[in-house]
Amino acid sequence: MTFTQAFLLFFLFVQVVHFLGTWKLYVKAGRKAWEAAIPIYNAYVLMQIINRPKEWYWVILLFIPIIQLIVFPVLWVETIRSFGRTERFETVAVVLTLGFYIYYVNYMLDVEYVEDRSLKPRTSAGEWIASILFAVVAATLVHTYVMQPFVIPSSSLEKTLLVGDFLFVSKIHYGARTPMTAVAAPMVHDAIPVLGMKSYMSKPQLPYFRFPGFETIKRNDIVVFNWPADTLSIIDVGNSPTLYKPLDKRSNYVKRCVGLPGDKFEVRDGFVYTNGIQNDLPDRAKLQFSYLVKTKGARFNDQILHDRYDITDGYMNIDTNGTCLFHAVTEEAAERLKNHPNVLSVTKHTLPKGTRDKTVFPHSKNYNFNNSNFGPITIPAKGATVALTTENLPLYKRAISEYEGQNLKVEGDQILIDGKAITSYTFNQDYYWMMGDNRGNSQDSRSWGFVPFDHVLGKPVFVWFSWDSKATGINKIRWNRLFTTVSGEGSPVSYFKYFLILLAGWFVFNHFRKKKKTAKK
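What you see is a predicted model; the values in this text were computed from it and never measured.

Observations concerning the pairing of strand E6 (residues 271-274)
Working step 1: Neither face of E6 is exposed, since Phe 271 and Tyr 273 on one face and Val 272 and Thr 274 on the opposite face are all buried.
Working step 2: Of the strand pairs in this sheet, strand E5 (residues 264-268) and E6 are connected by four bridges, and their pairing is antiparallel. Within the sheet, the bridge partner assigned to Glu 266 lies in E6 and is Tyr 273.
Working step 3: Linking E5 to E6, which pair antiparallel, is a turn of two residues; within it Asp 269 sits at a positive phi near 50°.
Working step 4: Where E6 lies against strand E7 (residues 277-278), two bridges are found, and the strand directions are antiparallel. Bridge pairing links Thr 274 to Ile 277 in E7.
Working step 5: The turn linking E6 back onto E7 is made up of two residues, and Asn 275 within it adopts a positive phi angle of 55°.

Examining helix H6 (residues 101-108)
Working step 1: Considered for burial, the residues of H6 that qualify are Tyr 101, Ile 102, Val 105 and Asn 106. Buried residues along H6 cover an arc of 145° about the axis, so they all sit on one side.

Here's the deal with the sheet that holds E6
Working step 1: Taken together, four strands build an open sheet; the order of strands is E7-E6-E5-E12 and the sheet is antiparallel. Edge positions in the sheet fall to E7 and strand E12 (374-378), since each has one partner strand and no second.

A look at the sheet that holds strand E14 (residues 408-411)
Working step 1: With antiparallel pairing, three strands are arranged side by side in an open sheet as E14-E15-E16. Edge strands, defined here as strands with exactly one partner in the open sheet, are E14 and strand E16 (420-422). Strand-to-strand twist in this sheet, taken as the mean axis angle between neighbours without regard to direction, amounts to 40°.
Working step 2: Here strand E15 (residues 414-417) runs beside E16; their pairing, made up of three bridges, is antiparallel. Counterpart to Ile 415 in the pairing with E16 is Ile 422.
Working step 3: Most of the contacts of helix H10 (residues 393-403) go to E14, to which it runs at about 145°, and overall it touches E14 and E15.

Structural notes on the packing of helix H4 (residues 67-81) against helix H5 (residues 88-96)
Working step 1: Taken N-terminus to C-terminus, the directions of H4 and H5 make an angle of 135°; their axes are 9 Å apart at the nearest point. Considered as vectors, H4 and H5 are oriented oblique to each other. In the packing of H4 onto H5, the handedness of the crossing is right-handed. Residues Trp 76, Val 77, Ile 80 and Arg 81 of H4 form the contact with H5, whose own contacting residues are Glu 90, Thr 91, Val 94 and Val 95.
Working step 2: Looking at the contact of H4 with H5 residue by residue, the class counts come to five nonpolar, one polar and two charged.

Considerations on the confidence of the model for the chain
The predicted coordinates ought not to be read in detail in places where the model reports low pLDDT.
Working step 1: On average, residues of the chain score 85 in pLDDT, and 90% of them reach the 70 mark or higher.
Working step 2: Residue range residues 232-242 is modelled with pLDDT below 50. Its contacts to residues more than four positions away, or to other chains, number 17 contacts.

Things to note about the nonpolar core
Working step 1: Counting 33 residues, the largest nonpolar core has Leu 61, Leu 75, Val 94 and Val 105 as the members making the most contacts within it.
Working step 2: The set of elements that each furnish at least two residues to this core consists of helix H1 (3-28), helix H2 (41-49), helix H3 (57-61), H4, H5, H6 and helix H7 (124-145).
Working step 3: If you tally residues by element for this core, the top one is H4, at seven residues.
Working step 4: Here Val 105 is in contact with Leu 25, Ile 80, Arg 85 and Val 111, once residues within four sequence places are set aside.
Working step 5: Core analysis: the next-biggest nonpolar cluster, separate from the first, contains 29 residues, Val 360, Phe 361, Ile 422 and Met 435 among them.

Overview of the side chain of Gln 148
Working step 1: Relative to the assigned elements, Gln 148 resides in strand E1 (residues 147-151).
Working step 2: One polar contact links Gln 148 to Lys 171, side chain to side chain, over a distance of 2.7 Å.

What about the pairing of E14?
Working step 1: Here four bridges tie E14 to E15, and the two strands are oriented antiparallel to one another. What sits directly across from Glu 411, in E15, is Gln 414.
Working step 2: Linking E14 to E15, which pair antiparallel, is a turn of two residues; within it Gly 412 sits at a positive phi near 65°.

Brief notes about the layout of surface pockets
Working step 1: One number sums up the size of the largest pocket: a volume of about 1,700 Å³.
Working step 2: Forming the boundary of the largest pocket are 44 residues, of which Phe 10, Val 14, Leu 62, Gln 68 and Phe 72 lie nearest the centre.
Working step 3: Elements supplying a minimum of two residues to the lining of the largest pocket: H1, H2, H4 and H6.
Working step 4: Ranked by the residues each element gives to the lining of the largest pocket, the list is headed by H1, at 13 residues.

Observations concerning a nonpolar patch on the surface
Working step 1: Together, Val 16, Leu 20, Trp 23, Val 27, Tyr 104, Tyr 107 and Met 108 make up a nonpolar patch on the protein surface, roughly 640 Å² of accessible area in all.
Working step 2: Elements with a contribution of two residues or more to the nonpolar patch: H1 and H6.
Working step 3: Here the element with the most residues in the nonpolar patch is H1; it accounts for four residues.
Working step 4: Tracing the backbone through its elements, the reader meets Leu 20 in helix H1.

Side note on unusual backbone geometry
Working step 1: The residue after Phe 361, namely Pro 362, is reached through a cis peptide bond having omega 10°.
Working step 2: Residue Pro 376 follows Gly 375 across a cis peptide bond; omega there is 5°.
Working step 3: Of note in the backbone geometry, Asn 51 takes a positive phi value of approximately 65° without being a glycine.
Working step 4: Structurally, Asn 51 can be placed in the loop between H2 and H3.
Working step 5: Positioned with a positive phi, Asn 275 is a non-glycine residue whose angle comes to about 55°.
Working step 6: Among the structural elements, Asn 275 can be located in the loop between E6 and E7.
Working step 7: When its relative accessible area of 47% is taken as the criterion, Asn 275 is described as partly exposed.

A look at the packing of aromatic side chains
Working step 1: Taken as a whole and assessed by the stated rule, the structure comprises 42 aromatic pairs.
Working step 2: Note on Tyr 145 and Phe 211: the rings are 6.3 Å apart at their centroids and 70° apart in plane angle, and the pair reads as edge-to-face. Taken together, the residues Tyr 145 in helix H7 and Phe 211 in the loop between strand E2 (165-170) and strand E3 (222-226) connect sequence positions 66 residues apart.
Working step 3: Under the relative-accessibility criterion, Tyr 145 is labelled buried at 13%.
Working step 4: Both rings, one in Phe 465 and one in Trp 467, keep their centres 6.3 Å apart while their planes meet at 25°; by these two values the pair is stacked.
Working step 5: Owing to a relative accessible area of 37%, Trp 467 belongs among the partly exposed residues under this scheme.
Working step 6: A network of ring pairs unites the aromatic residues Phe 265, Phe 361, Tyr 367, Phe 369, Phe 374, Tyr 396, Tyr 403, Tyr 425, Phe 427, Tyr 431, Trp 433 and Phe 450 as a single cluster.
Working step 7: Over the ring of Tyr 273 we find Arg 268, and its NZ or CZ is 4.0 Å from the ring centre.

What counts and how
- Residues numbered from 1 in each chain as written.
- Predicted model: local features only at pLDDT ≥ 70, side-chain atom pairs only at ≥ 80, totals over all residues.
- Heavy atoms only, no water.
- Buried < 20%, exposed > 50% of the residue type's maximum accessible area, 1.4 Å probe, protein only.
- Helix = DSSP H or I, 4+ residues; strand = E, 2+ residues; numbered from the N terminus.
- Pairing = 2+ DSSP bridges.
- Arc of directions from axis to C-beta.
- Axes fitted to C-alpha atoms, helices over the stretch in contact; angles between N-to-C directions.
- Contact = heavy atoms within 4.5 Å.
- Parallel < 35°, antiparallel > 145°, perpendicular 65-115°, else oblique.
- Left-handed = near helix turned anticlockwise from the far one by under 90°.
- Nonpolar A, V, L, I, M, F, W, Y, C, P; charged D, E, K, R; others polar.
- pLDDT = per-residue confidence, 0-100.
- Core = buried A, V, L, I, M, F, W, Y, C linked by side-chain atoms within 4.5 Å.
- Polar contact = N/O pair within 3.5 Å; in protein donor to acceptor, adjacent residues only side chain to side chain.
- 1 Å grid on protein atoms, 1.4 Å probe; cavity = no way out; pocket = protein on both sides within 12 Å on 5 of 7 lines; lining within 4 Å.
- Points joined across faces, edges and corners; volume = space filled by probe spheres on them.
- Patch = residues over 30% accessible without salt bridge, like charges linked within 9 Å, V, L, I, M, F, W, Y side chains within 5 Å.
- Areas by Shrake-Rupley, 256 points an atom, 1.4 Å probe, with all protein chains shown as cover.
- Salt bridge = Lys/Arg side-chain N within 4 Å of Asp/Glu carboxyl O.
- Phe/Tyr/Trp six-rings, centres within 6.5 Å; stacked < 30°, edge-to-face > 60°.
- Lys NZ or Arg CZ within 6 Å of the ring centre and 35° of its normal.

Below you can see the structure in the form of structure tokens.
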């Protein structure tokens, strides 16, 4: 049975359950029994019965994943109240029984339809609950399909996005992806805050669908995506089992796209080359590497490193001779550091070409790749065909089997898909190469490989808040980063003062508007 067939059967099952549980109530409300059986139309009629004809858009909300989990309980409560069942215990009962208390009302109670029922909450608590429900539905719609908040947890894009930056990520730029996990708590990711409990049920899963976007991913775009490997085991030797999470519940990562579908990609001494041309980063991006710094023995002052040399990532002692490993150091900062009175030498920390790092993709003895010197490889593109051999299969095996869902096996020198021997494969979607600007201290595509387009979440567009955990007092807030754009030319410009001016103007306008209303009364 295909997913479509299973989904249609489940949809019909829900319609049958609704009809059996409400047809008598439809009749008591002056409607026809058959109106409770017609999909979609029955929801429209129900809006009339519960005296909410203007809320026709609720019919649409009933078919939006996650949103429907909020709307269904509201409709259950509204349905029994339309027939005089307004006691608090009944409200609790209909929610706890997932709506099946309506069966009891439908068959066991002699109820009368309350026509022109007042929709105004009886108590202030009820009014608060109604307002909160409306706010949750609206916020969930925006969060799921338009804009999602996101916080930068690591320094892989240091100098462009800082640890502690709070972003708004646009989902409409590349096209909003509809939820695949059908049952989940609204506005949280894979865990419920504070409680630490899983926020979703792994089944049922909906098929992948994405609305059209108004731009495609371009080279050097900063992109938020679901981590293709949601456990470090794929980056280690590979013996430990992977932790399965549904695609849309995998960890959110943010990196820079440096390789597009079809690109011939390579890293030479930490510098990216696509199609033989060195990647030219935008002026806001600052490429950083790790450096071995041999000192005279004294420890560096962290604040001086931060202020004078713009070294914002940590460093650690790696031997007893006073040699330290620094991360997130630009080439300009490394040159300045050479003049530090405590420094004897500064050397870029790289591995030579041909030295294999087993933690680097594709985790195969066939490829002597490392983080400093990687490739060349070709990034898969939708519709592109690649010749497959047992030698190059490690590059594409995960994409074919995990991301494209093919039943791939290797028997001797043969590669099989669904038991049929193949010598080539045509890809079903586009893939991208994501990397951090902090080349010496970033877990990125060099660790897990290609990022498929169905994993793409959105594009960061705005920094609305920024928090420096290493600072003290009011200096913890990076005031110059509040309300700044992520992309653009030149240094980021804060629009925070303009926001405050608009906010003050709104309060003044609202004050005089209320005053004018009061005077008219």
